[in-house]
Amino acid sequence: MAKKKIEEVIVSDKRALLENLKIDINKKLGEGTINFADEYDGSFILRRKTGVLSLDLGLRGGFPKGIIEVIGEPNIGKTALVCQTAIEVQKTYGKDACIGIIAIEKFDKKFWKDLGLRIAFSKEEIKMIEEGLERPLNEEERAYYEDQEGEIVISPPMTAEDALEACLAMVTSGMFQLLIVDSIGAVVTEVQQENNLNESTYAGISKPMGMFVNKVGLVNTDTTIIIINQLRDNMKMKNIYDDPYKESGGNALKHAKLVSLRMTKGEQIKKKIKTTDVIVGRYVNWRIKKGKGGTSEGDSGSYPFYKGKFGYALGIDKIADVVLTALDYGVIEKAGAWYSFGDERLGCGLDGAVDTLKEHPEVVQKITDAVWELDKKKNNYVFINKR
């Protein structure tokens with residue numbers, strides 16, 4: 001008994017000594033330089049949903065805070081996926097939403113608007129639309145173009161150094177839930193801008209990107225930074241076991257990113273229009289190539305993506321993804337061509353089930369909740385989307 005009391009006194013004295021050390025160091029180097037484990041918030045419970053159920057399950061709730069890289073082939077729907085993440089931030093935070101977009105490529109506001117992002121057009125843009133229509137916008141049309149949820153900050157095309165400096169300033173401010181860099185593969189450094197077209201430059205983006213990720217690592221923030229990147233052919237591939245693709249951004253980005261999401265083209269989606277099978281979209285295959293911050297590295301899946309032709313809406317078919325994912329989890333059952341949820345028949349074929357669920361969003365929510373409950377029990381994790 002006496003021995004136990006002595007041990008408790010020693011532990012108590014050590015805590016007091018450490019407390020004094022902590023005060024001294026924080027006084028010299030700034031508050032928060034060192035913290036006790038039971039005082040330090042280093043968890044990755046906070047998540048930014050993508051809105052794509054199958055992918056959010058692999059990410060254990062969505063993208064964590066920190067640097068995320070979304071890599072894919074051309075015309076695969078990288079921007080569409082990131083836009084869906086921005087839409088989910090607007091849904092979660094409402095008027096308090098704050099999203100920054102570093103538009104290294106030309107920013108197509110109408111494309112993002114068509115995908116569902118609530119982003120306002122400027123007065124000059126509305127004036128040009130009216131000139132194109134050769135008439136004033138009616139009340140409903142004007143409300144559509146002026147509608148926006150929360151704050152959205154857009155940074156126009158600039159050099160790599162300026163773009164990353166602007167992004168760093170936004171991260172440091174602590175006001176943004178989501179920052180999007182679209183895209184790092186199209187960025188031009190100051191040296192490249194000054195050189196002639198026939199002059200070669202090597203590792204142009206690596207140096208500014210290295211400085212950027214190092215400085216971001218020093219900022220304690222809840223901001224999720226999504227960097228869009230392109231897959232390039234690996235010209236240094238030596239054998240069949242090497243990765244046939246590579247991405248730009250240098251080694252610093254490779255090591256600093258928490259999640260690397262790779263997107264590739266999957267099976268085509270064809271629909272019979274009159275007497276002809278027409279390609280209306282395709283499945284996008286995704287794989288979490290690197291997964292830290294509580295995500296499931298190596299997880300993979302696919303979701304349907306439509307090109308917005310022949311009467312099909314542009315973008316990701318999130319309801320079809322819910323049906324297919326719930327089918328894998330046994331929440332939805334399939335007998336022949338018929339899909340059912342409990343005692344309720346949803347429809348014949350995937351299109352029939354999707355059409356039914358579009359009219360009953362409350363049923364979609366019940367199915368989604370059931371899938372989340374099963375997955376969280378199976379993999380033992382929790383997450384939140386707002387704090």
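For the structure itself, consult the block above.
Being a predicted model, the structure only gives us computed values, none of them experimental.

(A) Inspection of helix H12 (residues 349–358) at higher detail. Among all positions in H12, only Ala353, Val354 and Leu357 are buried. Across the axial projection of H12, the buried residues extend over an arc of 100°, all falling on one side. Those residues of H12 that are buried are in contact with helix H11 (318–329), strand E14 (338–341), strand E15 (344–348) and helix H13 (361–379).

(B) Region of interest: the packing of aromatic side chains. For the structure shown, the criterion picks out 5 aromatic pairs. The interplanar angle of 55° and the centroid separation of 5.0 Å between the aromatic rings of tryptophan 372 and phenylalanine 383 together place this pair among those described as tilted. Of this pair, tryptophan 372 sits in helix H13 while phenylalanine 383 sits in the segment after H13, and the two are 11 residues apart along the sequence. Its relative accessible area of 6% is what places tryptophan 372 among the buried residues. When its relative accessible area of 14% is taken as the criterion, phenylalanine 383 is described as buried.

(C) Focus on the pairing of strand E11 (residues 300–307). As paired strands, strand E10 (residues 276–291) and E11 are joined by 7 bridges and run antiparallel to one another. The partner of arginine 287 across the bridge, within E11, is serine 300. Pairing of E11 with strand E12 (residues 314–316) involves 3 bridges; the strand directions are antiparallel. Residue pairing in the sheet places lysine 307 in a bridge with leucine 314 of E12.

Analysis parameters
Residues numbered from 1 in each chain as written. Predicted model: local features only at pLDDT ≥ 70, side-chain atom pairs only at ≥ 80, totals over all residues. Heavy atoms only, no water. Buried < 20%, exposed > 50% of the residue type's maximum accessible area, 1.4 Å probe, protein only. Helix = DSSP H or I, 4+ residues; strand = E, 2+ residues; numbered from the N terminus. Arc of directions from axis to C-beta. Contact = heavy atoms within 4.5 Å. Phe/Tyr/Trp six-rings, centres within 6.5 Å; stacked < 30°, edge-to-face > 60°. Pairing = 2+ DSSP bridges.

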